[in-house]
Amino acid sequence: VMTDAHARLLAQVYGFLRSPAARIPEDYLAAHVKDIDRTDGDVETLLGRVAAIRTGSYISHRSAWVSDARFWQERTRAAEDRLSDALHERLTQQFVDRPGAVIARYDPSELVTSVAPDGEVLVQGLRAGVLEGFRFVPDGGAGEGSRGLLAAANRAMRQLVGDRVGDLEADGDEAFRLGPGGEVQWQGAAVARLAAGDSVLTPQVEVLPTDLLAPPRRERVRRRLASWGVAQVEATLGPLLALRESSPPGVARGLVFVLVESLGSVRRRDVAVQVAALTRSDRKELSRLGVTLGRLSVFLPGLLHPRAIRLRSRLFAVRHRGPSAPGPRGEPSVPLDRVLPAAFYLACGYQPAGGRAVRVDRLDRAASVAARLSRTGPFIPPRELPSILGCPDTEVAAVLAGIGYVERDGRFEWRRRGRRGARRQA
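Here we summarise the structure given alongside this text. (Residues numbered from 1 in each chain as written. Predicted model: local features only at pLDDT ≥ 70, side-chain atom pairs only at ≥ 80, totals over all residues. Heavy atoms only, no water.)

Topic: the overall build of the protein chain
In step 1: A tally of helices and strands in the protein chain yields 17 helices and 16 strands.
In step 2: Expressed as a percentage of its 426 residues, the buried residues of the protein chain come to 40%.
In step 3: The long-range share in the protein chain, meaning contacts at least 24 apart out of those at least 6 apart in sequence, stands at 53%.
In step 4: As displayed, the protein chain has an accessible area near 23,100 Å², and 51% of this comes from carbon and sulfur atoms. (Helix = DSSP H or I, 4+ residues; strand = E, 2+ residues; numbered from the N terminus. Buried < 20%, exposed > 50% of the residue type's maximum accessible area, 1.4 Å probe, protein only. Contact = heavy atoms within 4.5 Å. Areas by Shrake-Rupley, 256 points an atom, 1.4 Å probe, with all protein chains shown as cover.)

Take a look at the structure:
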């Protein structure tokens, strides 16, 4: 049953002993032991190395065969101990469930389970996995052999989750965060998501699936998060809610409906008919409600601060099931992402123009400057335009082209589209 390697080893030892020196060279022994003294590999590999080092140990105990026999005896014994320990570890990993063996010593009622601040779940000091929100994620290294540990962790989680639900209910609104895709996060983990509701301002809350939450507890979580969601909309988008509840008479009511559904900004050309039909009293009432009838957009200036813009982008994503992009953060303008729809930018309070999305109040201001200058003929963009638009000088021309101006010899003039376009720009 000997392998070829062992037969070759015997032949080499025999050759050394039959040589004039009648000894095995130390260089040969050192290389042989060094090649064997490694603890990597599987069980079969380690078994072969243990057998090989024992052959080396046998040789080292023949003082007539080697020089400094005591040194080689200690050297081979240390290598055999390391290989034996590694072999024992591999066999334990393969055939023995150490966590399960520890758990089996205890009655289930005696097991101590704890959840660290970072969500790590420990059962009798053994890591079982991580608690993400209300979802238990078993440790990836647990394997089939740790079923007892995982079962114990799941039993304990179902008991501890009641306290966790109570903690969520007791936490203030600052403990929750709305992610780009509409996921509601608590303690760094997603516990629910927003879904489209009856209107863009009233999304529904859906608790993420988990085996740890019984229906009554799931409903408690949903109610607390729904209350938080309502408070967020009221605190951040108050002007839009006031506009929705205003119910102005006549044509203005239709314009209010469009503004609410578009989260506070709409291109003026898309509502040109409604704007043209507004009476003086209608305009006065809309102004009282905080609505600006700009040259290019109809919008609520009170919704252009970063917090409102962020929430508007999240609500749009929930209502239209995407995109989950973070969107603008309140800058005067941002580079235009052609993948994102124009409706997304408008919902955030921005309007695409050229290669940029410009905040509607800044774009309206720039359009007013350009209109004033164009009254006397073609004009050169003033120095203030890049600052107003929040873009480099080199991009001003593209923005002006995007709102209806043409360039000739470095000067810009309004691209007149018949008498109606000329009257509107004037």
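What follows picks up the thread again.
Overview of the side chain of T210
In step 1: Within the element layout of this structure, T210 appears in the loop between β8 (204-207) and α7 (215-236).
In step 2: At 2.5 Å, the side chain of T210 and the backbone oxygen of F134 are in polar contact.
In step 3: Contacts of T210, omitting those with residues within four sequence positions, involve F134, R135 and R218. (Polar contact = N/O pair within 3.5 Å; in protein donor to acceptor, adjacent residues only side chain to side chain.)

A word on the sheet that holds strand β10 (residues 292-293)
In step 1: Strands sit in the order β9-β11-β10 across an open sheet of three strands; the sheet is antiparallel. Strands with a single pairing partner mark the edges of an open sheet, and in this sheet they are β9 (265-267) and β10.
In step 2: Examined bridge by bridge, β9 and strand β11 (residues 297-299) share three bridges and lie antiparallel to one another. Across the sheet, V266 pairs through a bridge with V298, a residue of β11.
In step 3: Strands β9, β10 and β11 of the sheet are contacted by helix α9 (residues 251-261), whose axis makes an angle of about 110° with β9. (Pairing = 2+ DSSP bridges. Axes fitted to C-alpha atoms, helices over the stretch in contact; angles between N-to-C directions.)

What about helix α12 (residues 306-320)?
Residues spaced three or four apart along an α-helix point in a common direction, a consequence of the helix completing one turn every 3.6 residues.
In step 1: Counted at 1.5 Å a residue, the expected span for α12 with its 15 residues is 21 Å, and the 21 Å between its end C-alpha atoms agrees.
In step 2: By the burial criterion, the buried members of α12 are A308, I309, L311, R312, S313, R314, L315, F316, A317 and V318.
In step 3: Residues of α12 that are buried sit in contact with β5 (176-178), β7 (189-195), α7, β9, α13 (342-348) and β13 (350-353). (Expected span 1.5 Å × (residues − 1).)

Side note on the layout of surface pockets
In step 1: Each pocket or cavity is described by its volume, and for the second largest pocket that value is around 420 Å³.
In step 2: Along the wall of the second largest pocket there are 17 residues; nearest its centre are A5, H6, H32, G48 and A52.
In step 3: Taken together, the residues of the lining of the second largest pocket break down into seven nonpolar, six polar and four charged. (1 Å grid on protein atoms, 1.4 Å probe; cavity = no way out; pocket = protein on both sides within 12 Å on 5 of 7 lines; lining within 4 Å. Points joined across faces, edges and corners; volume = space filled by probe spheres on them. Nonpolar A, V, L, I, M, F, W, Y, C, P; charged D, E, K, R; others polar.)

A word on the side chain of E80
In step 1: Mapping E80 onto the fold places it in helix α4 (residues 69-95).
In step 2: Excluding residues within four positions of it along the chain, E80 makes contact with I53 and R54.

Thoughts on the packing of aromatic side chains
In step 1: All told, the structure shown has ten aromatic pairs when counted by the stated rule.
In step 2: Between the aromatic rings of F134 and W186, the centroid separation amounts to 5.7 Å while the plane-to-plane angle is 15°, which identifies the pairing as stacked. Within this pair, whereas F134 is found in the loop between β3 (126-132) and β4 (135-138), its partner W186 is found in strand β6 (residues 183-186), the two being separated by 52 residues in sequence.
In step 3: Among the residues examined, W186 registers a relative accessible area of 1% and is labelled buried. (Phe/Tyr/Trp six-rings, centres within 6.5 Å; stacked < 30°, edge-to-face > 60°.)

Describing the environment of H61
In step 1: The topology assignment puts H61 in the loop between α3 (43-60) and α4.
In step 2: Taking the relative accessible area as the measure of exposure, H61 reaches 43% and is therefore partly exposed.
In step 3: Separated by twelve residues in sequence, H61 and Q73 have C-alpha atoms that sit 6.5 Å apart.
In step 4: At 2.8 Å, the side chain of H61 and the backbone oxygen of S57 are in polar contact.

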